[in-house]
Amino acid sequence: MKPVLFDFSDAQLVEFLTQMGQPKFRAKQVREWLNRGAPNFQSMKNLPEMLRRDLDRVAQTLPVRVIKKLESSDGQTTKFLLELGDCEQIECVLMRTSYGNSVCVSSQAGCAMGCKFCASTLLGLKRNLTVNEIYSQILVAQWELRNDKFADRPIRPNGDANNDDVSHIVIMGTGEPLQNTQNVIGFIERANHDMGIGWRKITVSTCGIVPGIRDLTQWGRPINLAISLHAPTDDLRSRIMPINNKYKIREVLDAAFDFSAAHNRQLMIEYILLAVRNENGTTELLNCTPEYAEKLSELLRGKNCMVNLIPWNAVDERDFVSPSGNAVHRFQDILIKNGIHTRIRRERGNDIGSACGQLRLNNAKVK
Ligand code: SAH
């Protein structure tokens with residue numbers, strides 16, 4: 001495997017380049033390009049052509065390499081399939097929105113959580129990602145924004161067409177961030193420090209690892225927390241999310257509301273809408289019946305939270321179906337009637353398999 005220069009310290013970078021017969025100042029030039037997310041040395045325009053070629057032969061810039069890039073038909077979402085040094089694959093997604101450019105990053109290669117509706121977990125957990133591997137995902141997005149060839153992309157509703165910075169980060173890609181808490185914290189600290197991304201523009205999403213949530217509270221940064229709840233009773237939640245056998249809903253919500261209260265933040269509750277198909281071909285709501293809407297309301301009444309209702313993105317290997325629009329609105333209406341803040345998440349990049357782990361899974365299938 002070629003050495004990854006992004007992982008080098010400044011001293012190591014100087015040594016590497018002087019060994020190639022280069023003056024010291026080259027290290028500074030290369031570092032600047034690395035920090036901008038240059039995918040190869042050829043793009044480092046102020047280096048001599050010979051050196052660029054030599055470097056491309058003996059080294060790699062980032063610890064991730066883009067092996068596939070998909071654009072949604074509206075041009076607003078770009079999904080990257082990335083390969084790591086050990087050939088594991090991860091995904092990240094760049095979403096251009098009215099409020100800025102948001103990047104969804106992965107925290108692990110694969111996932112051990114076993115949620116029944118999710119593609120990321122189908123091949124199990126491979127390993128945790130390093131801080132640099134997580135950080136490189138936002139560099140990939142940043143590079144894409146700065147080198148955007150789609151000049152005819154629609155101007156943003158807020159007219160901010162020139163904004164080519166990553167402004168928001170959601171740690172909602174493949175993996176469970178709170179099984180890799182220290183590296184996720186290291187990544188967030190770095191994104192805040194080096195890229196200037198505010199704490200409040202960063203969201204960690206968890207299936208509910210209670211000790212990890214407590215660690216985040218201890219750490220004390222006012223980021224946003226999202227809990228993947230998906231069911232309001234332990235009975236149902238344990239059926240679709242095995243982690244619920246370990247940490248029950250009450251414990252998870254207590255820890256999560258402690259976190260958000262400590263920072264005076266609104267807790268985000270994620271709730272995928274799931275239905276199942278019966279043998280006779282009819283569709284039956286699973287977690288989004290009116291009864292469950294009432295139960296969810298009981299759980300959250302009076303709390304500082306927002307329920308994000310998420311249409312399920314179909315995964316071939318999974319036996320769920322999406323409920324009808326009517327059922328979704330009925331469910332939402334009950335929450336609203338009970339005073340629960342709620343919104344239906346706009347589907348982004350649906351045409352490019354943007355739901356967790358789909359691209360990685362599909363690529364593994366054809367391999
Ligand atoms: N492990 C973390 C973060 C990764 S999953 C967590 O559980 O929160 C990010 C979000 O996508 C979670 O809410 C997850 O439940 C949801 N998700 C997974 N598969 C999905 C699918 N097929 N369609 C829609 N949302 C999905």
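Just so you know, these numbers come straight off a predicted model, no measurement behind them.

Undergrad: Could you give me a rundown of helix H6 (residues 210-219), with the residues and numbers involved?
TA: Of all the residues in H6, the buried ones are Val210, Gly212, Ile213, Leu216 and Trp219. On the buried face of H6, the contacting elements are helix H5 (181-195), strand S8 (202-206), strand S9 (224-228) and helix H8 (249-262). Following H6 by one or two positions, Gly220 has its phi on the positive side, about 90°.

Undergrad: How would you explain the site of the ligand if you had to name every residue and give the values?
TA: Taken together, 20 residues form the shell around the ligand, and within it Glu176, Ser205, Ser228, His230 and Asn313 come nearest. One of the backbone nitrogen or oxygen atoms of Gly175 is found 3.0 Å away from a nitrogen atom of the ligand. Separating an oxygen atom of the ligand from a side-chain N or O atom of His230 is a distance of 2.6 Å. Coverage of the ligand by the protein chains reaches 95% of its 530 Å² of free accessible surface. Mapped onto the shell around the ligand, the elements with two or more residues apiece are S8 and strand S10 (267-273). The class makeup of the residues in the shell around the ligand is eleven nonpolar, seven polar and two charged.

Undergrad: Give me the pattern of salt bridges: which residues, what numbers.
TA: Under the definition given, this model contains 17 salt bridges. Among the salt bridges present, the one from Glu49 reaches Arg53, with a minimum N-O distance of 3.4 Å. Within this pair, Glu49 and its partner Arg53 are both found in helix H3 (residues 49-58), separated by four residues, close to a single helical turn. Classification of Arg53 as partly exposed rests on a relative accessible area of 47%. Ionic pairing is found between Arg250 and Asp254, a salt bridge with its closest N-O pair at 3.2 Å.

Undergrad: Give me the lowdown on the sheet that holds strand S12 (residues 283-285), citing residues and values where you can.
TA: Reading across from one edge, S12-S11-S14 is the order of the three strands in this open sheet, with antiparallel pairing throughout. Edge strands, defined here as strands with exactly one partner in the open sheet, are S12 and strand S14 (320-321). Here strand S11 (residues 275-277) pairs with S14 via two bridges, running antiparallel. Residue pairing across strands places Val276 opposite Phe320, the latter belonging to S14.

Undergrad: With reference to specific residues and values, describe the state of the cysteines.
TA: Inspection of the entire model under this criterion finds zero disulfides. Note on Cys115: no disulfide assigned, nearest cysteine sulfur contributed by Cys207 at a separation of 5.5 Å.

Undergrad: Explain the pairing of S8 residue by residue, including any values.
TA: Within S8, five of the five residues are buried, leaving the element largely enclosed by the surrounding structure. Of the two faces of S8, the one carrying Ile202, Val204 and Thr206 and the one carrying Thr203 and Ser205 are both buried. Where strand S7 (residues 168-171) and S8 come together, three bridges link them in parallel fashion. Across the sheet, residue Val170 finds its bridge partner in S8, namely Thr203. Handedness of the S7-H5-S8 crossover: right-handed. Where S8 meets S9, four bridges bridge the pair, whose relative direction is parallel. Within S9, the position partnered with Thr206 by the bridge is Ile227. In this fold, the crossover linking S8 to S9 by way of H6 has right-handed handedness.

Reading the values: the criteria
Residues numbered from 1 in each chain as written. Predicted model: local features only at pLDDT ≥ 70, side-chain atom pairs only at ≥ 80, totals over all residues. Heavy atoms only, no water. Buried < 20%, exposed > 50% of the residue type's maximum accessible area, 1.4 Å probe, protein only. Helix = DSSP H or I, 4+ residues; strand = E, 2+ residues; numbered from the N terminus. Contact = heavy atoms within 4.5 Å. Near = heavy atom within 4 Å. Polar contact = N/O pair within 3.5 Å; in protein donor to acceptor, adjacent residues only side chain to side chain. Areas by Shrake-Rupley, 256 points an atom, 1.4 Å probe, with all protein chains shown as cover. Nonpolar A, V, L, I, M, F, W, Y, C, P; charged D, E, K, R; others polar. Salt bridge = Lys/Arg side-chain N within 4 Å of Asp/Glu carboxyl O. Pairing = 2+ DSSP bridges. Disulfide = S-S within 2.5 Å. Right-handed = clockwise from strand over helix to strand, strands pointing away.

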